[in-house]
4 protein chains.
Amino acid sequence: MAGSTIGTIFRVSTWGESHGRGVGVVIDGCPAGLELSEEDIQRYLDRRKPGQSRFATKRQEADQAQILSGVFEGKTTGTPISILVLNTDQRSRDYSNIMDVYRPGHADYTFDAKYGFRDYRGGGRSSGRETIARVAAGAVACKLLESLGIEVTAYTKSIGPWEISPDRFDLEERDRNRLYMPDAQTAAEAERYLEEKMAQMDSAGGVVECFIDGLMPGIGEPVFDKLDSLLAKAVVSIGAVKGFEIGDGFEAAKACGSHNNDPFRVGHRGRVIKTSNHAGGVLGGISDGGRIVFRAAFKPTPSIARTQSTVNRQGENVDIQIHGRHDPVIVPRAVVVVEAMAALTVVDLLFQSMTSRLDRIQKFFGNNEEKNSY
Amino acid sequence: MAGSTIGTIFRVSTWGESHGRGVGVVIDGCPAGLELSEEDIQRYLDRRKPGQSRFATKRQEADQAQILSGVFEGKTTGTPISILVLNTDQRSRDYSNIMDVYRPGHADYTFDAKYGFRDYRGGGRSSGRETIARVAAGAVACKLLESLGIEVTAYTKSIGPWEISPDRFDLEERDRNRLYMPDAQTAAEAERYLEEKMAQMDSAGGVVECFIDGLMPGIGEPVFDKLDSLLAKAVVSIGAVKGFEIGDGFEAAKACGSHNNDPFRVGHRGRVIKTSNHAGGVLGGISDGGRIVFRAAFKPTPSIARTQSTVNRQGENVDIQIHGRHDPVIVPRAVVVVEAMAALTVVDLLFQSMTSRLDRIQKFFGNNEEKNSY
Amino acid sequence: MAGSTIGTIFRVSTWGESHGRGVGVVIDGCPAGLELSEEDIQRYLDRRKPGQSRFATKRQEADQAQILSGVFEGKTTGTPISILVLNTDQRSRDYSNIMDVYRPGHADYTFDAKYGFRDYRGGGRSSGRETIARVAAGAVACKLLESLGIEVTAYTKSIGPWEISPDRFDLEERDRNRLYMPDAQTAAEAERYLEEKMAQMDSAGGVVECFIDGLMPGIGEPVFDKLDSLLAKAVVSIGAVKGFEIGDGFEAAKACGSHNNDPFRVGHRGRVIKTSNHAGGVLGGISDGGRIVFRAAFKPTPSIARTQSTVNRQGENVDIQIHGRHDPVIVPRAVVVVEAMAALTVVDLLFQSMTSRLDRIQKFFGNNEEKNSY
Amino acid sequence: MAGSTIGTIFRVSTWGESHGRGVGVVIDGCPAGLELSEEDIQRYLDRRKPGQSRFATKRQEADQAQILSGVFEGKTTGTPISILVLNTDQRSRDYSNIMDVYRPGHADYTFDAKYGFRDYRGGGRSSGRETIARVAAGAVACKLLESLGIEVTAYTKSIGPWEISPDRFDLEERDRNRLYMPDAQTAAEAERYLEEKMAQMDSAGGVVECFIDGLMPGIGEPVFDKLDSLLAKAVVSIGAVKGFEIGDGFEAAKACGSHNNDPFRVGHRGRVIKTSNHAGGVLGGISDGGRIVFRAAFKPTPSIARTQSTVNRQGENVDIQIHGRHDPVIVPRAVVVVEAMAALTVVDLLFQSMTSRLDRIQKFFGNNEEKNSY
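Reading the values: rules and limits
Residues numbered from 1 in each chain as written. Chains lettered and ligands numbered in written order. Predicted model: local features only at pLDDT ≥ 70, side-chain atom pairs only at ≥ 80, totals over all residues. Heavy atoms only, no water. Helix = DSSP H or I, 4+ residues; strand = E, 2+ residues; numbered from the N terminus. Rg over C-alpha atoms; globule rule 2.2 N^0.38 Å. Buried < 20%, exposed > 50% of the residue type's maximum accessible area, 1.4 Å probe, protein only. Contact = heavy atoms within 4.5 Å. Areas by Shrake-Rupley, 256 points an atom, 1.4 Å probe, with all protein chains shown as cover. Lys, Arg positive; Asp, Glu negative; His and termini not counted. Charge placed at Lys NZ, Arg CZ, Asp CG, Glu CD. Salt bridge = Lys/Arg side-chain N within 4 Å of Asp/Glu carboxyl O. Polar contact = N/O pair within 3.5 Å; in protein donor to acceptor, adjacent residues only side chain to side chain. Least-squares fit on C-alpha atoms with pLDDT ≥ 70 in both. Pairing = 2+ DSSP bridges. Core = buried A, V, L, I, M, F, W, Y, C linked by side-chain atoms within 4.5 Å. Phe/Tyr/Trp six-rings, centres within 6.5 Å; stacked < 30°, edge-to-face > 60°. Lys NZ or Arg CZ within 6 Å of the ring centre and 35° of its normal. Axes fitted to C-alpha atoms, helices over the stretch in contact; angles between N-to-C directions. pLDDT = per-residue confidence, 0-100.

(A) Layout of the overall build of chain A. For chain A, the count of helices and strands is nine helices and 18 strands. Rg of the C-alpha trace for chain A: 22 Å, near the compact-globule value of 21 Å for 374 residues, within the 12% margin. Principal-axis analysis of the C-alpha atoms places the extent of chain A at approximately 70 × 60 × 40 Å. By residue count, 70% of the 374 residues in chain A fall in the buried class. If you take every contact in chain A between residues at least 6 apart in sequence, the share linking residues at least 24 apart comes to 69%. As displayed, chain A offers around 11300 Å² of accessible surface, 47% of which is attributable to carbon and sulfur atoms. For chain A, the separation between the mean place of its 46 positive charges and that of its 49 negative charges on side chains is 1 Å.

(B) Region of interest: the side chain of A:Arg11. Structurally, A:Arg11 can be placed in strand S2 (residues 11–16). Lacking a salt bridge, the buried A:Arg11 has D:Asp225 as its closest oppositely charged neighbour, with an N-O distance of 5.5 Å. Of note is the side chain of A:Arg11, whose polar atom sits 3.5 Å from the backbone oxygen of A:Gly7. Residue contacts for A:Arg11: discarding those within four places in its chain leaves A:Thr5, A:Ile6, A:Val26, A:Ile27, A:Asp28, C:Ala2, C:Thr5 and C:Arg11.

(C) View of the relation of the copies chain C and chain A. Overlaying chain C with chain A gives an RMSD of 0.0 Å, the required rotation being 180° about an axis along which the chain moves by 0.0 Å. The transformation relating the two chain copies, once decomposed into turn and shift, fits a two-fold axis.

(D) Local environment of the pairing of strand S8 (residues 151–159) of chain C. Residue and element names in this part refer to chain C. Along S8, eight of the nine residues are buried, which leaves the element largely enclosed by surrounding structure. Note: S8 against strand S9 (residues 162–163), two bridges, orientation antiparallel. Its bridge partner lying in S9, Ile 159 is registered against Trp 162. The loop that links S8 with its antiparallel partner S9 comprises two residues; one of these, Gly 160, has a positive phi angle of about 50°.

(E) Fine view of the nonpolar core. One finds A:Phe10, B:Phe10, C:Phe10 and D:Phe10 to be the most contacted residues of the largest nonpolar core, which totals 372 residues. The residues contacting C:Phe10, other than those within four sequence positions of it, are C:Ile27, C:Asp28, C:Gly29, C:Cys30, C:Val140, C:Ala141, C:Leu144, C:Leu344, C:Val347, C:Asp348 and C:Phe351.

(F) Structural detail: the relation of the copies chain A and chain B. With an RMSD of 0.0 Å, chain A superimposes on chain B once it is rotated by 180° and translated 0.0 Å along the axis. Both copies share a contact surface, since 100% of the interface residues of chain A are interface residues in chain B too.

(G) Expanded view of the packing of aromatic side chains. Counting across every chain of the model gives 44 aromatic pairs over all chains. Ring centres of C:Phe10 and C:Phe351 lie 6.5 Å apart, and the angle between their planes is 70°; this geometry places the pair in the edge-to-face category. Placement of the pair is C:Phe10 in the loop between strand S1 (5–6) and strand S2 (11–16) and C:Phe351 in helix H8 (residues 331–352), with a sequence separation of 341 residues. Since its relative accessible area comes to 2%, C:Phe351 is described here as buried. Aromatic ring contacts, followed pair by pair, group A:Phe364, A:Phe365, D:Phe364 and D:Phe365 into a single cluster. One Lys or Arg, A:Arg291, reaches over the ring of A:Phe211 and ends 3.7 Å from the middle of that ring.

(H) Representation of helix H2 (residues 108–115) of chain D in the model. Burial analysis of H2(D) places eight of its eight residues in the buried class, the great majority of the element. All of the buried residues in H2(D) are D:Asp108, D:Tyr109, D:Thr110, D:Phe111, D:Asp112, D:Ala113, D:Lys114 and D:Tyr115.

(I) Main features of the sheet that holds strand S7 (residues 81–86) of chain A. Residues and elements named next belong to chain A. The sheet built from five strands is open, its strands ordered S1-S2-S3-S7-S4 with antiparallel pairing. In the strand order of this sheet, the two ends are held by strand S1 (5–6) and strand S4 (65–67), each with one partner. As paired strands, S1 and S2 are joined by two bridges and run antiparallel to one another. Residue pairing across strands places Thr 5 opposite Ser 13, the latter belonging to S2. In the packing of helix H1 (residues 38–48) onto the sheet, the strands contacted are S4 and S7, and the crossing angle to S4 comes to about 150°. Of the strands in this sheet, S2, strand S3 (22–28) and S7 touch helix H3 (residues 131–146), which is tilted by about 35° from S3.

(J) Examining the confidence of the model for chain A more closely. When pLDDT is averaged along chain A, the result is 93, and 92% of the positions lie at 70 or above. This stretch, residues 368–374 of chain A, has a pLDDT under 50; its non-local contacts, to residues over four places away or in other chains, come to 26 contacts.

Pasting the structure below:
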């Protein structure tokens with residue numbers, strides 16, 4: 001148990017179920033002095049909000065973030081920030097028929113196996129609504145990173161067989177289409193594909209790609225808390241993620257060393273740069289000063305309208321038909337969740353890296369002219 | 001910093017550099033009463049030992065494990081187990097020429113950026129020798145798991161473009177060839193491929209696949225410490241790993257829900273089974289009682305004999321030629337490292353799962369007829 | 001930062017300020033199946049509630065606990081339990097005059113030094129209201145312990161110079177007087193003493209004693225996470241605590257070994273008992289099956305009506321007079337806080353102890369007839 | 001289990017038993033660039049070394065520290081520092097007669113209760129030799145602190161009834177007498193007292209006092225990881241410690257607020273100082289810039305030559321006579337252990353405090369002109 005906390009210094013604990021009274025998060029370890037408002041958080045929550053397009057669940061939630069602590073006169077105080085999002089639209093009736101039946105591809109059976117029973121209303125803690133808390137915390141992490149010149153950007157790379165073309169890549173296009181794809185043509189094709197899947201009472205998966213710019217070299221802790229290993233943990237912990245790649249990922253396994261090694265060169269102002277980025281900005285688990293690039297593979301939405309074979313709690317083979325409101329694809333709403341998990345990971349490792357060198361620590365404390373003697 | 005520890009209850013801390021006095025590990029949280037000898041550990045270390053084939057570095061190390069604490073009269077005592085492997089063959093001279101030059105694809109530059117300087121002898125802490133400590137700890141974890149009926153098995157799935165065929169899969173073959181491939185024909189083809197790469201002063205990558213059998217359902221902690229997210233962290237923390245997949249992985253992103261959902265059925269003795277395993281044995285981050293299947297993508301060995309472009313510590317563009325002893329492919333020696341990281345992850349989550357239900361806790365303590373009153 | 005979480009398996013994260021929107025706690029790692037209602041928590045909160053006696057602050061708070069997650073159909077689900085207590089009576093005006101002045105004996109100056117500014121309303125996070133979250137979590141821990149036959153009991157041992165007499169010790173008396181003293185005569189004397197202090201615009205301290213009954217031997221983790229060291233941490237973390245003793249405490253430092261050693265004897269049903277308890281139930285940091293006994297020393301309430309010398313944020317010497325509502329003694333309301341911290345510590349160590357022996361682990365998993373194969 | 005690690009950023013894991021092959025420690029999170037040699041560690045180990053006086057065990061151990069990793073060319077590299085001290089004088093025979101008998105005041109019974117059996121040779125992991133690892137790590141922490149202008153100093157305050165006089169306090173005297181007492185007259189009296197106890201086949205306890213100078217204000221994390229609560233944990237985790245006090249400790253419980261509050265004043269260069277130090281340098285769990293003062297109560301050595309009543313593993317009442325080499329008082333050798341635990345605690349909290357304010361973080365990263373773009 002006790003798996004609902006992530007981070008060592010910037011520490012995030014989430015709570016809440018799909019059809020309980022709400023979901024929320026406590027952030028402990030956010031430095032004092034960051035300007036923070038409920039609007040800052042709302043902007044991120046709105047990006048994952050349901051009910052915004054044909055391809056997202058019809059459930060209507062205000063998803064209004066309330067900051068309950070840790071902010072005073074518009075700034076963080078250094079004490080825990082508690083953020084609450086009340087559940088307002090919770091038609092539990094929809095789920096009564098699946099109370100005793102294990103939905104394929106869902107966590108119903110495994111929660112029962114683990115806890116002896118479960119909150120069967122809409123998946124309870126295993127619902128996608130759990131990610132609201134991640135996004136709320138991620139919004140704070142992103143604001144922190146921006147104040148240090150670091151930016152996290154994710155988008156839909158593919159849906160089903162439809163993958164964006166590097167030639168047509170246009171980040172601004174991302175926010176213009178409902179699939180968060182930075183390529184209008186592929187987005188249009190993917191939309192048609194999704195409509196087809198919906199007509200077939202089926203669903204689709206896809207890939208989210210994310211990059212991080214402005215990260216200084218030296219971030220990541222050998223040997224277990226490497227930047228890429230903690231990104232992998234954070235990203236794979238998102239429901240429905242089945243794969244993670246950094247840089248060239250599985251392609252690197254087929255490449256030769258002479259191709260895969262990124263040559264170093266002296267760049268502008270004497271900086272060390274690389275002439276390619278197969279590594280995805282990480283060497284030995286530590287950021288190399290270049291762009292961090294990673295990908296997450298999402299499985300198709302498990303809730304499909306088609307009749308499926310399963311068993312019930314009484315141990316009988318039964319058929320199941322899942323009604324209710326479900327996205328035919330999770331990916332577009334998951335884009336901001338991936339950004340959130342990346343930001344949480346980077347902030348925490350950034351803070352950890354502050355103690356890697358004695359000279360910097362001495363300078364840090366030497367500058368604070370506050371030494372006192374009694 | 002402080003990244004050299006993994007696990008919450010079964011806690012493993014590693015130390016040591018390639019050319020220092022040795023490498024080692026402290027395991028805290030191993031239960032008392034496990035029979036454990038140095039031979040148990042040696043068996044695993046021997047599987048990653050260099051100098052065993054043409055495709056492995058010529059460095060000759062005894063790699064002899066010594067147990068310094070935590071075992072008494074052949075059994076673990078419940079106190080920390082300290083395991084030491086001395087470095088015996090450390091030709092540091094080999095590395096003097098790369099002292100001031102950053103090898104492409106290595107952690108030389110990032111260690112310097114992080115720490116201000118580095119132990120340049122053979123990669124120091126970023127060397128593959130660091131994995132000795134993982135394997136030693138993994139040997140203990142595997143023994144523990146076996147005593148509970150759980151088995152971890154990994155093998156080489158592919159090297160470069162050569163991937164094993166499901167039709168020819170033969171696990172016993174794995175230990176007969178030098179590439180740890182459970183398919184003799186592909187192994188032969190991959191050997192030829194590696195010889196070609198060596199002749200070209202180049203190197204290759206590959207994929208390791210791992211499965212875990214006998215794991216009861218209910219293991220894994222929502223929402224951040226899921227079984228798959230912690231496997232991802234553990235596996236991606238291995239040097240040279242660039243990708244992780246659970247179950248169908250990136251293929252799932254292209255599939256439809258109707259295909260990807262694994263139907264449940266009632267099996268032998270009323271057990272809940274699935275008629276397919278696209279999920280890889282994990283639902284909602286919790287084991288479902290089926291086989292756990294995951295893969296790790298390894299990049300090609302970065303040390304290649306070919307001349308490469310890079311920079312030195314003085315900020316000049318230079319050429320580098322890497323001499324010394326290096327494997328043209330890491331994958332075969334990494335197989336046991338993958339098993340080790342999987343075992344460490346599973347043991348820790350298994351122990352965490354013991355407190356998921358009050359009824360089981362009550363039974364646990366009720367059975368111990370040792371309550372005392374003063 | 002990140003100091004608002006306690007526990008490894010039974011993990012408690014608190015948040016909230018005196019005059020923000022509320023205070024709360026997230027409990028992660030509570031096993032599924034514990035019957036839990038808001039009334040269970042309220043019973044404990046009511047014991048620390050202000051406004052109940054002459055010696056407690058006049059502030060009137062409903063202090064109503066709301067369970068926002070983790071409980072379904074009257075039972076814990078194994079997922080995080082979020083408990084919220086809204087602040088309802090927050091006359092912030094009272095504190096405006098101390099906005100720029102550091103109250104002696106308070107954390108005003110140190111919070112400013114740490115965070116650069118602070119929420120000056122009523123102490124913010126350093127207020128005694130922070131303990132509401134501890135007590136709410138402690139109520140859950142106590143309920144868990146009771147279901148395992150373990151009971152935690154605290155009471156006021158002394159106020160100022162007035163200490164209870166062992167001869168008159170009567171636990172039922174504890175709940176009959178306003179000072180939580182299990183000795184009516186001393187309570188009456190202490191009441192007179194407190195009235196005197198109030199008339200002098202002064203305050204008093206005191207000692208809380210706590211014992212834990214029913215704890216099985218074997219609880220506590222050598223060498224840093226001993227039962228007594230974690231009790232010390234938990235108890236000293238309560239605001240105003242300046243000392244901690246286990247067993248004979250500082251008296252033991254004056255005793256001889258021949259007196260201080262507790263002889264073992266064979267007791268009822270062959271149990272190992274001791275004929276004295278100078279150790280307080282802990283040997284080598286591990287419970288010995290006897291009663292755990294410890295004490296906490298509380299300093300006098302720092303808020304006194306008398307004029308005091310101090311400095312302001314502008315660095316000038318000034319006088320300060322503290323108005324507002326303050327207890328002349330903290331101790332009676334702190335009794336339930338001590339119980340809470342003891343219970344949190346014991347639950348967590350109890351859970352950790354479940355993996356100390358392989359034979360018990362094997363039995364635990366062997367009993368679960370749920371192994372599955374795919 | 002897993003109790004052998006302490007610290008969040010500066011993380012220390014110890015291992016080893018009294019009569020195994022050695023004891024040791026792994027320090028993870030020590031910044032790069034600290035000059036460190038085996039002599040630095042030896043100086044601290046020599047202060048706790050046995051065989052130095054009539055009042056310390058006759059056991060002769062070289063207690064030679066070897067640094068196995070983490071130091072290169074005389075400086076720490078930022079990677080884990082592994083320190084090993086081999087056991088060289090281990091007359092196990094001495095302990096054969098207590099193999100099946102529980103020594104009163106020792107952890108024999110509780111280890112058996114916890115683990116099912118124990119390493120009975122000299123107490124195994126519960127032996128005082130375990131503190132070698134604490135002292136070795138503490139030596140590194142002290143060196144780090146000194147490089148930041150912070151000094152930790154402990155001494156024997158009392159032995160049995162003999163307590164040093166404030167009037168005769170002379171820190172230099174501490175290192176001149178065998179009891180580590182900064183008062184020659186009391187030391188002489190205590191020596192006579194100890195000889196008496198030895199003649200009576202008995203033992204004595206005592207109190208160690210420690211202060212920390214030069215610590216900047218702002219160190220300590222509310223609410224659970226306060227400076228004083230973590231000092232309490234660290235100090236009470238030392239075997240034989242039964243009490244902890246910060247500042248006036250238990251005396252504060254008897255005082256009035258008007259006496260106990262330390263008035264603030266403007267001091268030299270505008271610094272905030274206090275005109276008394278009843279608080280011991282901590283307000284709200286955060287350092288106030290003044291001297292930190294705390295005390296630890298040690299119980300009398302449990303190993304005494306006198307016949308004692310106890311039980312054996314077979315559950316029979318028996319008598320026991322303990323032979324072997326034992327100190328009649330632990331306190332003098334524990335002084336350096338207290339310093340070590342204080343230093344470990346302070347370093348860790350110092351590092352944690354570096355992220356308490358955004359402005360300082362921005363300055364920290366802004367100063368590093370190493371940002372790179374790919």
